[in-house]
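This is what each chain is made of:
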Amino acid sequence: MKLLIQLHTPTETASYEGCALALTLATFGHDVQLYLDAPVFGFLMQPESRLHGMIQSLELYDMPAAWLPNDVFSGWVTGMIPADLASQLTLIPEVVNSQDFEQILRF
């Protein structure tokens with residue numbers, strides 16, 4: 001199953017639950033793409049946050065880099081975070097067909 005999981009809610013609990021679901025589904029062979037919206041960037045900037053650590057481990061779960069919105073905040077974030085975390089992030093492609101995903105979940 002191909003899923004898109006969008007993290008939009010600016011609470012650590014919602015971000016953690018959405019990312020934990022993504023990692024769990026990837027463990028069981030699902031194709032999962034994460035999308036991190038600007039409200040969760042604060043958690044990426046905190047090395048002790050659960051989201052920060054989970055995003056660093058995307059490669060271990062054979063997940064692609066998490067998408068970021070194509071805006072000025074994304075460039076600022078990727079310039080401020082450690083290189084190992086920045087390597088797990090990429091800007092969202094210009095064209096995303098929602099029909100490519102069997103399910104889209106939003107946290």
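Note that this is a predicted model, so its numbers are computed, not measured.

1. With respect to the nonpolar core
So, point 1. One finds Leu34, Leu36, Leu44 and Ile55 to be the most contacted residues of the largest nonpolar core, which totals 27 residues.
So, point 2. Of all the elements, helix α1 (residues 12–27) adds the most residues to this core, at six residues.
So, point 3. Residues within four places of leucine 36 in sequence aside, it is in contact with Leu7, Phe41, Leu44, Ile55, Ala66, Trp67, Leu68, Pro69 and Leu89.

2. Focus: α1
So, point 1. Taking 1.5 Å per residue, 16 residues should reach 22 Å; α1 reaches 22 Å between its end C-alpha atoms and fits that length.
So, point 2. For α1, the set of buried residues is Ala14, Ser15, Gly18, Cys19, Ala20, Ala22, Leu23, Leu25 and Ala26.
So, point 3. At its buried positions, α1 is contacted by β1 (2–7), β2 (31–36), α2 (41–44) and α3 (50–56).
So, point 4. Two residues or fewer past α1, glycine 29 is found with a positive phi of approximately 90°.

3. Some points on the environment of aspartate 31
So, point 1. Its place among the elements puts aspartate 31 in strand β2.
So, point 2. Aspartate 31 gets classed as partly exposed once you look at its relative accessible area, which sits at 39%.
So, point 3. Along the primary structure aspartate 31 and asparagine 97 are separated by 66 residues, whereas in three dimensions their C-alpha atoms are 15 Å apart.
So, point 4. Apart from the residues lying within four places of it in its own chain, the contact partners of aspartate 31 are Met1, Lys2 and Leu3.

4. Regarding the environment of threonine 24
So, point 1. Topologically, threonine 24 is positioned in helix α1.
So, point 2. Look at threonine 24 and you get partly exposed, because its relative accessible area is 41%.

5. Here we look at unusual backbone geometry
So, point 1. Residue aspartate 62 is not a glycine yet carries a positive backbone phi of 55°.
So, point 2. Within the secondary structure, aspartate 62 sits in the loop between α3 and β3 (66–68).
So, point 3. Of the residues examined, aspartate 62 reaches a relative accessible area of 73% and is grouped as exposed.

6. Regarding the packing of aromatic side chains
So, point 1. Under the counting rule described, the total for this entry stands at one aromatic pair.
So, point 2. Considering the side-chain rings of tryptophan 67 and phenylalanine 101, the 6.2 Å spacing of their centres and the 85° angle between planes classify their relative orientation as edge-to-face. On the criterion of sequence distance, the pair formed by tryptophan 67 in strand β3 and phenylalanine 101 in the loop between β4 (89–91) and β5 (103–106) is long-range, its members being 34 residues apart. Phenylalanine 101 shares its class with tryptophan 67; the two are buried.
So, point 3. A cation over a ring is seen here: lysine 2 above phenylalanine 101, with NZ or CZ 5.2 Å from the ring centre.
So, point 4. A cation over an aromatic ring shows up here: arginine 50 above the ring of tyrosine 16, its NZ or CZ 4.1 Å from the ring centre.

7. Looking at the side chain of aspartate 37
So, point 1. Mapping aspartate 37 onto the fold places it in the loop between β2 and α2.
So, point 2. Despite its burial, aspartate 37 pairs with no opposite charge, the nearest such side chain being arginine 106 at 5.2 Å.
So, point 3. Here histidine 8 takes part through its side chain, which lies 2.6 Å from a polar atom of the side chain of aspartate 37.
So, point 4. Beyond its immediate stretch of four places on either side in the chain, aspartate 37 contacts Leu7, His8 and Pro69.

Criteria and thresholds
Residues numbered from 1 in each chain as written. Predicted model: local features only at pLDDT ≥ 70, side-chain atom pairs only at ≥ 80, totals over all residues. Heavy atoms only, no water. Core = buried A, V, L, I, M, F, W, Y, C linked by side-chain atoms within 4.5 Å. Buried < 20%, exposed > 50% of the residue type's maximum accessible area, 1.4 Å probe, protein only. Helix = DSSP H or I, 4+ residues; strand = E, 2+ residues; numbered from the N terminus. Contact = heavy atoms within 4.5 Å. Expected span 1.5 Å × (residues − 1). Phe/Tyr/Trp six-rings, centres within 6.5 Å; stacked < 30°, edge-to-face > 60°. Lys NZ or Arg CZ within 6 Å of the ring centre and 35° of its normal. Lys, Arg positive; Asp, Glu negative; His and termini not counted. Salt bridge = Lys/Arg side-chain N within 4 Å of Asp/Glu carboxyl O. Polar contact = N/O pair within 3.5 Å; in protein donor to acceptor, adjacent residues only side chain to side chain.

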